[in-house]
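Chain by chain, the residues run as shown.
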Amino acid sequence: METLLIVLLLIAWALYTAIRVKRNVHMLQLNSYRNERYFRWMKGTPLKAFRFVDLVPVLALVALPFSEAVSFYVMSAIAVILFALLTVMRPQFEEKKKLVYTPRVKRLLAAIAILYVLFAICAVWISSGDSFSMAALIALLTIATFIAYFFVMIANVITLPIESQINQYYFHDAERIVRGMPHLEVIGVTGSFGKTSTKHILKDVLSSKYNVLMTPESYNTKMGVTRTIREHLKPYHELFIAEMGAKQEHDIEEICTLVNHKYGIVTAIGEQHLETFKTLDTIKKTKFEIVETLPHDGTAFLNKDDENIQSYQQMNNVRTMYYGIDAEDLHYRATDISYSGKGTTFTVHKYDGTSAEIQTKLLGRHNIYNILAAIAIGAEKNIPLETIARAIKGVAPVKHRLELKKTSDKLTIIDDSFNSNPTGSKMAVEVLGYMPEKKVLITPGMIELGDKEYELNKRLGMHAAEVCDYIILVGKKQTVHLQDGLKEAGYPEEQYHVASNLQEALDVMRKVTASEPSVVLLENDLPDTFLE
């Protein structure tokens, strides 16, 4: 009977602990398996990493003063019931991006399981059948569940050498594939924002003449590009568009070393990921790794209207093409810009004197820059401007990046919920300002801006106050800086609402847009790691 109770206790404990482990592994995955970022998540949201409700099973120890035989059985039964209740009554999280059971996650889970099995064996060994030992067993198991965060972190450290070896094998294999295609030309795209949209537009333009592969979705890390090459790059591909993201110095340089790119685009540079970059100068230097690593016969394509791009002292003296709207001496310029609920129209002028009218479903000034980058590359690859214009007319908005959605006769949604940044969010609010209908903004603000997070979000609030008829902020703590911006701008309290979560925000939106035609801008959607 005693053995059966211990087995039941271990099963109930293991089931609930597996749930807590899964949650922590999910957070680790969302933080790119980097322990330093995983630690920052814990530090920023300690009550998510360590849930005090996980300590409830120690309540079983109230039976300890009973007689030895009674207390052993009563404590065991109570502990089993409490672990079972925690499992059944666990909170259901609405995950925007679910845990992906990649081979790495499976290896990590195996390492965590081994750590827990060893811990359980030691804990059971301590128990010799009396009530005091059972109390110790329950306490140890409860603590092990409570500190699941550390088990995941330790397992990640243990498996890191193995993962590094596996990643190096994949990286060298991808290098071999690229080197085996000497006629392949690679176009690298980077920037603080705009790179994914530019990549999609560029693919549609180049596909009018060439066989093109691009990195899918947001596969913009070293391993994401590696995976794309190993799984999708074929001998018949003529051009490969590689989106290149970065969280720290040399991230882009590593991707450039892999793909051996001939063309490099820098869309824009702004204050993003300051928690890891620390300074804007470091961001500039990192983004320009795509230019500094170009071969002597390569070409850089730069947004000359971007002051951070212009202020960088380029070292690599390669051929450089400039595009923009306002700057002087541009190779590709947009003029006669007009916006409507259907999209954007403008005229592009090439340095050789030719021009073409461009019509697009895409919204916003920053999308004009993205289109200009694609036009410049297409024209340099000898595609006529008229052909490029036809291709751009058919370009669909990238999901969650100023994506226009007509939900009814009275309501239009501008979905810009992916990865907001200071410049992009300002431009998105400007797009909202062009609309003739009632203007409503829903936002939780911006994240990963380091010491400037308060200042930049406050500035966004003040800018929104100039444009919006109604504002819905998501997260009472998260949006304090935005609230301060609205107050400083003198925005009426009755014209904004602070919601606890996105669902509440959408409920409020339906009420405030029910009586008249409205346009709602969804600006940023926080990842699971930042939800309150």
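Structure: above.
Residues numbered from 1 in each chain as written. Predicted model: local features only at pLDDT ≥ 70, side-chain atom pairs only at ≥ 80, totals over all residues. Heavy atoms only, no water.

### Let's talk about the side chain of D416
Mapping D416 onto the fold places it in strand β11 (residues 411-416). D416 sits in the buried class, given a relative accessible area of 8%. Excluding its chain neighbours within four sequence positions, the residues that come into contact with D416 are H400, R401, L402, G424, A428, L521, L522, E523 and N524. (Helix = DSSP H or I, 4+ residues; strand = E, 2+ residues; numbered from the N terminus. Buried < 20%, exposed > 50% of the residue type's maximum accessible area, 1.4 Å probe, protein only. Contact = heavy atoms within 4.5 Å.)

### Here we look at the pairing of strand β3 (residues 239-243)
Most of β3 sits out of view: five of its five residues are buried. In this sheet, β3 lies alongside strand β2 (residues 212-214) in parallel orientation, the contact comprising three bridges. Considered in β3, the bridge of M214 is made with I241. (Pairing = 2+ DSSP bridges.)

### Some remarks on the environment of I6
Of note, I6 is situated in helix α1 (residues 2-30). Once residues within four sequence positions are removed from consideration, I6 is found in contact with V124, S127, M134 and L137.

### Here's the deal with the nonpolar core
If you look at the biggest cluster of nonpolar residues, it comprises 45 residues, and the most contacted ones within it are L9, V25, Y38, I112, Y116, M134 and Y149. For this core, the secondary-structure elements that each account for two or more residues are α1, α2 (35-44), α4 (68-88), α5 (103-126), α6 (131-146) and α7 (148-179). At 10 residues, the largest contribution of residues to this core is made by α1. In contact with Y116, other than residues within four places in its own chain, are W13, T17, V21, A144, T145, A148 and F151. With 42 residues, the next largest nonpolar core counts L202, L206, I241 and I325 among its residues. (Core = buried A, V, L, I, M, F, W, Y, C linked by side-chain atoms within 4.5 Å.)

### With respect to the packing of aromatic side chains
Taken as a whole and judged by the stated rule, the model has 16 aromatic pairs. Seen from their ring centres, F50 and F146 are 5.7 Å apart, and the 45° between their planes marks the pair as tilted. Of this pair, F50 sits in the loop between α3 (46-49) and α4 while F146 is found in helix α6, placing the two residues 96 residues apart along the sequence. Grouping residues by exposure puts F50 and F146 together as buried. Clustering of aromatic rings is evident, with ring pairs tying together Y38, W41, F50, F52, F146, Y149 and F150. Over the face of the ring belonging to Y33 we find R104, whose NZ or CZ atom lies 4.2 Å from the ring centre. (Phe/Tyr/Trp six-rings, centres within 6.5 Å; stacked < 30°, edge-to-face > 60°. Lys NZ or Arg CZ within 6 Å of the ring centre and 35° of its normal.)

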